[in-house]
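Structural features, examined
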Amino acid sequence: MSSNIPNIPSLFEGAGHAKLYAKYRPSYPKELYENIQKYCQQSVANTLDLAIDVGCGNGQSTFPLVNMCKHVIGVDISREQISEAKRAVSNADFRVGRAEDMGFLGDGTADLMTVGTAIHWLYTPSLWREATRVLCPGGVLAVYSYRVHAIHNKEAHHLIWEDFYNNTLKDVWTEHRIHLDNGLALIELPFGDSIR
């Protein structure tokens, strides 16, 4: 494994963590997926036959895709997260694996690839190569996230920011948090036709 590719599974792979993640992680608004679908439909070549949700975690970002695509595959490095996803989303396929290596897909076979609040964990040079390889002409890579919410209760703020982010996650979170705090503006997309 390249030293540039983060070794993240230990943070997310425990069964207890995966269950809590599935229960408490915020979901995305339906308007997000409506906008993604509209963008995909701008190309007559994009038939929305196959969507790949990389870094799918518990399937939260995968579930809305089944309403707009004929076939959906969620990919995550954590076996426990995939187990939770299979329980939550019955009409999609799930695979344990790295987003940066989708050898199970042929060239130009996917119409849509999504990355929901996971891009900061991925080795983007390899991900961009895989996206270029697997997306068909007119295919779309949609990268999205939500920001960490402001908490106005002092005690809750202390528990979340001081205890959890600055202590519990300090060794793995600090370098990743900057991307979320900046609305992914620091993630550079190498595609000339990308929009924010």
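Residues numbered from 1 in each chain as written. Predicted model: local features only at pLDDT ≥ 70, side-chain atom pairs only at ≥ 80, totals over all residues. Heavy atoms only, no water.

In plain terms, the rule: UniProt positions are given in the numbering used here, feature names are shortened, and annotations may be inferred rather than shown by experiment.
Looking at an unreviewed UniProt entry, one finds the protein chain named Methyltransferase and attributed to Mizuhopecten yessoensis. A UniProt comment under Sequence similarities (unreviewed entry) is attached to the protein chain, and it reads "Belongs to the methyltransferase superfamily."

1. As for the overall build of the protein chain
Going by this rule: Helix and strand definitions follow DSSP, with helices as H or I runs of at least four residues and strands as E runs of at least two, each counted in order from the N terminus. Note on classification: 1.4 Å probe, protein chains only; a residue is buried when its accessible area is under 20% of the maximum for its type, exposed when over 50%, partly exposed between these limits. Note on contacts: a residue pair is in contact if any heavy atoms of the two residues lie within 4.5 Å. Under the convention used here, a 1.4 Å probe and the Shrake-Rupley method define accessible areas, while residue burial counts only the protein chains that appear.
When its secondary structure is counted, the protein chain shows seven helices and five strands. Counting from the amino terminus, the protein chain carries its helices and strands in the arrangement α-α-α-β-β-α-β-β-α-β-α-α. Put simply, the protein chain has 196 residues, and 42% of those count as buried. Taking contacts inside the protein chain between residues at least 6 apart in sequence as the whole, the part at least 24 apart equals 66%. Carbon and sulfur atoms provide 52% of the accessible area of the protein chain, an area that totals close to 10800 Å².

2. Concerning the packing of aromatic side chains
As a reminder of what qualifies: Aromatic pairs are defined between Phe, Tyr and Trp rings, using the six-membered ring for Trp, whenever the two ring centres lie within 6.5 Å; interplanar angles under 30 degrees are classed as stacked, those over 60 as edge-to-face, and all others as tilted.
Applying the stated rule across the entire model yields three aromatic pairs. Arranged with centres 5.9 Å apart and planes meeting at 80 degrees, the rings of Y33 and Y144 form a pair that is edge-to-face. Of this pair, Y33 sits in helix α3 (residues 30-40) while Y144 sits in strand β5 (residues 135-144), and the two are 111 residues apart along the sequence. Each member of the pair Y33 and Y144 is classed as buried. By the ring-pair criterion, three or more aromatic residues cluster together here, those being Y28, Y33 and Y144.

3. Structural notes on unusual backbone geometry
One non-glycine residue, L48, lies in positive phi territory at about 50 degrees. With respect to the helices and strands, the residue L48 is situated in the loop between α3 and β1 (50-54). Within the chain, T117 stands out as a residue other than glycine whose phi angle is a positive 50 degrees. Among the secondary structure elements, T117 is positioned in the loop between β4 (110-116) and α5 (124-134).

4. Points about the side chain of D53
Here D53 shows up in strand β1. Assessed through its relative accessible area of 0%, D53 is described here as buried. Apart from the residues within four sequence positions on either side, D53 is in contact with S61, T62, L65, I73, G74, V75, T114, V115, G116 and Y144.

5. Looking at the nonpolar core
Threshold: Take the buried residues of types Ala, Val, Leu, Ile, Met, Phe, Trp, Tyr and Cys, join any two whose side-chain atoms come within 4.5 Å, and each joined set is a nonpolar core.
Ranked by size, the top nonpolar core spans 22 residues in total, and within it I36 and L112 carry the most contacts. Counting only elements with at least two residues in this core, the list comes to α3, α4 (79-88) and β5. Ignoring any residue separated from it by four or fewer positions in sequence, one finds I36 in contact with M68, L112, A142 and Y144. If you look at the next biggest cluster of nonpolar residues, it comprises 19 residues, including I52, M113, L127 and V134.

6. What about the pairing of strand β2 (residues 71-76)?
Our working rule: Two strands are counted as paired when DSSP detects at least two bridges linking them.
Burial runs high along β2: five of the six residues are buried. Sheet topology note: the β1/β2 ladder contains five bridges and is parallel. Paired with I52 across the two strands is I73, which belongs to β2. The pairing of β2 with strand β3 (residues 93-96) spans four bridges and is classified as parallel. Looking at β3, one finds that I73 is bridged to D93.

7. Looking at the sheet that holds β4
To keep it simple, the criterion reads: Only the stretch in contact is used when a helix axis is fitted, and all axes are lines through C-alpha atoms; the angle between N-to-C directions ranges over 0 to 180 degrees.
Sheet architecture is open: five strands sit in the order β3-β2-β1-β4-β5, paired in parallel fashion. On the outer flanks of this sheet lie β3 and β5, each paired with one strand and no other. Mean inter-strand twist for the sheet, computed between neighbouring axes without regard to direction, equals 20 degrees. Those strands touched by α3 are β4 and β5, and its axis lies near 160 degrees from that of β5. Strands β1, β4 and β5 of the sheet are contacted by α5, whose axis makes an angle of about 145 degrees with β5.

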